[in-house]
Amino acid sequence: MSHIVLSGIRATGRLHFGNFLGAVTNFVKFQQQGNTCLYFIADWHTLTTLEDPEELRGNLIEIVKDYIAAGLNPEQSIIYAQSSVPEISELCLYLSMIQQMGELERIPTFKDLIRKNPDNVNLGLLTYPVLMAADILGPKATLVPVGEDQVPNVELAQSLARKFNYRFGDTFVVPEMMTQMIRVPGLDGNKMGKSESDNAIDISSPIADIRERYIKKGVTDIERKRASDPGDPYNRCQSVYAVHELVTSGETESREIATACLNAKIGCVECKHRLVDNIAKILGPFQEARAKLANRDDYIKEIIHEGGKKARAIIKATVEVVRDKMGIVVY
Ligand code: TRP
Ligand code: SF4
């Protein structure tokens with residue numbers, strides 16, 4: 001069955017290797033399988049924790065460059081900015097009228113966000129999941145791939161779709177959620193890219209810098225004091241061995257590394273060198289494609305503009321129906 005796949009990303013920074021392997025690689029697969037794919041930059045969601053408008057403007061363009069260089073094809077996927085579609089915010093308003101506030105206050109992602117921004121508990125943070133529901137329901141997405149942390153938000157979108165359909169008649173598709181994305185550990189062994197930590201690998205860094213970061217900061221089996229001690233790759237080496245399993249192609253090489261580690265036949269430095277060699281095989285072609293886009297901002301803006309037009313046409317049609325069902329007439 002072909003899907004309408006939709007996913008968004010906030011423009012708070014650049015993509016890291018975790019986004020690249022965990023999300024973008026899947027986006028490319030969905031595109032190749034002949035689904036209708038909508039991938040957008042959630043620039044309004046970024047405003048909930050805005051630091052610098054200039055940074056937001058820049059990040060948006062750079063993320064789209066990363067998407068294109070990683071293999072998203074603007075002829076096949078609809079790539080756009082949320083703010084290019086004003087009907088999304090209109091839909092958010094309509095949905096907010098059937099959303100109970102208490103339920104929003106209890107959402108774990110909201111509690112998490114206020115914990116991180118105790119000095120800036122703005123209304124946007126509270127309505128964040130409603131805006132996200134508008135992102136998802138506007139184009140009638142059938143499949144939403146997201147990380148584990150977004151589960152409560154997508155569940156809210158599902159419940160809003162059901163609620164609206166129940167009250168106003170069948171209008172929205174209740175989307176399926178996909179969370180089985182690869183979880184890529186960062187240098188400290190925790191999930192890559194948690195904003196508080198410095199554990200991410202920047203996909204645009206020169207391979208030499210990535211190597212240095214792994215050698216200096218990659219946490220290995222802490223109980224392995226010397227190279228002559230056997231290590232435990234499976235249980236105690238989350239930052240290096242777990243990544244080997246993701247990037248070292250073919251079981252044979254990763255098995256061989258695990259066995260060598262268990263038998264103290266390989267040192268951690270050599271092991272890290274081999275890991276980075278394999279990361280380079282993946283990032284090399286990406287970085288080459290990315291370099292060609294470095295000075296092509298106008299081309300990227302054109303892609304976003306065209307994507308916005310396509311997305312808007314789709315979402316507009318849904319919002320017209322919603323308006324009508326709720327009794328709004330635009331005179
Ligand atoms: N909240 C998501 C995140 O931080 C980004 C996002 C916004 C999103 N709207 C979406 C993801 C709609 C999926 C669908 O990762
Ligand atoms: Fe981890 Fe490799 Fe060191 Fe084993 S040899 S502990 S797998 S870095």
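Residues numbered from 1 in each chain as written. Chains lettered and ligands numbered in written order. Predicted model: local features only at pLDDT ≥ 70, side-chain atom pairs only at ≥ 80, totals over all residues. Heavy atoms only, no water.

Draft legend 1. Examining the side chain of Gln82 more closely. Inspection of the secondary structure assignment puts Gln82 in the loop between β3 (77-81) and α4 (86-96). Judged by relative accessible area, which is 0%, Gln82 ranks as buried. A distance of 2.9 Å separates a polar atom in the side chain of Gln82 from a polar atom in the side chain of Asp135. For Gln82, the contacting residues outside a window of four places in its chain are Phe40, Ile41, Ala42, Asp43, Trp44, His45, Ile88, Leu131 and Asp135. (Helix = DSSP H or I, 4+ residues; strand = E, 2+ residues; numbered from the N terminus. Buried < 20%, exposed > 50% of the residue type's maximum accessible area, 1.4 Å probe, protein only. Polar contact = N/O pair within 3.5 Å; in protein donor to acceptor, adjacent residues only side chain to side chain. Contact = heavy atoms within 4.5 Å.)

Draft legend 2. Representation of the pairing of strand β2 (residues 36-41) within the structure. Counting buried positions along β2 gives five out of six residues, so the element sits mostly inside the fold. Bridge count between strand β1 (residues 4-9) and β2: six bridges; the pairing is parallel. The partner of Ser7 across the bridge, within β2, is Tyr39. In the classification by handedness, the crossover that spans β1, the intervening helix α1 (residues 17-32) and the parallel β2 is right-handed. As paired strands, β2 and β3 are joined by five bridges and run parallel to one another. Bridged to Cys37 within β3 is Ser77. (Pairing = 2+ DSSP bridges. Right-handed = clockwise from strand over helix to strand, strands pointing away.)

Draft legend 3. Spatial organisation of the site of ligand 1. Lining the immediate environment of ligand 1, one finds 14 residues, of which His45, Tyr128, Met132, Asp135 and Gln150 sit closest. Within the side chain of Asp135, a nitrogen or oxygen atom sits 2.8 Å from a nitrogen atom of ligand 1. In this structure, Gln150 approaches ligand 1 through a side-chain N or O atom, which is 2.9 Å from a nitrogen atom. For ligand 1, whose unbound accessible area comes to 360 Å², protein coverage reaches 88%. Listing elements by their share of the shell around ligand 1, those giving two or more residues are β1 and α7 (123-137). It is α7 that contributes the most residues to the shell around ligand 1, four residues altogether. The residue makeup of the shell around ligand 1, split by class, is eight nonpolar, four polar and two charged. (Near = heavy atom within 4 Å. Areas by Shrake-Rupley, 256 points an atom, 1.4 Å probe, with all protein chains shown as cover. Nonpolar A, V, L, I, M, F, W, Y, C, P; charged D, E, K, R; others polar.)

Draft legend 4. Geometry of the packing of helix α12 (residues 251-262) against helix α13 (residues 268-293). The contact between α12 and α13 brings their axes to 12 Å, and the two run at 165°. With respect to each other, α12 and α13 are oriented roughly antiparallel. Of the two possible hands of crossing, α12 and α13 adopt the one that is left-handed. Where α12 approaches α13, its residues Glu253, Glu256 and Ile257 are matched on the opposing element by Cys271, Arg274 and Asn278. Here the contact of α12 with α13 is composed, by residue class, of two nonpolar, one polar and three charged. (Axes fitted to C-alpha atoms, helices over the stretch in contact; angles between N-to-C directions. Parallel < 35°, antiparallel > 145°, perpendicular 65-115°, else oblique. Left-handed = near helix turned anticlockwise from the far one by under 90°.)

Draft legend 5. Molecular detail of the side chain of Gln150. If you trace the backbone, Gln150 turns up in the loop between β4 (143-145) and α8 (151-168). Owing to a relative accessible area of 17%, Gln150 belongs among the buried residues under this scheme. A polar atom in the side chain of Gln150 sits 3.3 Å from the side chain of Asp149.

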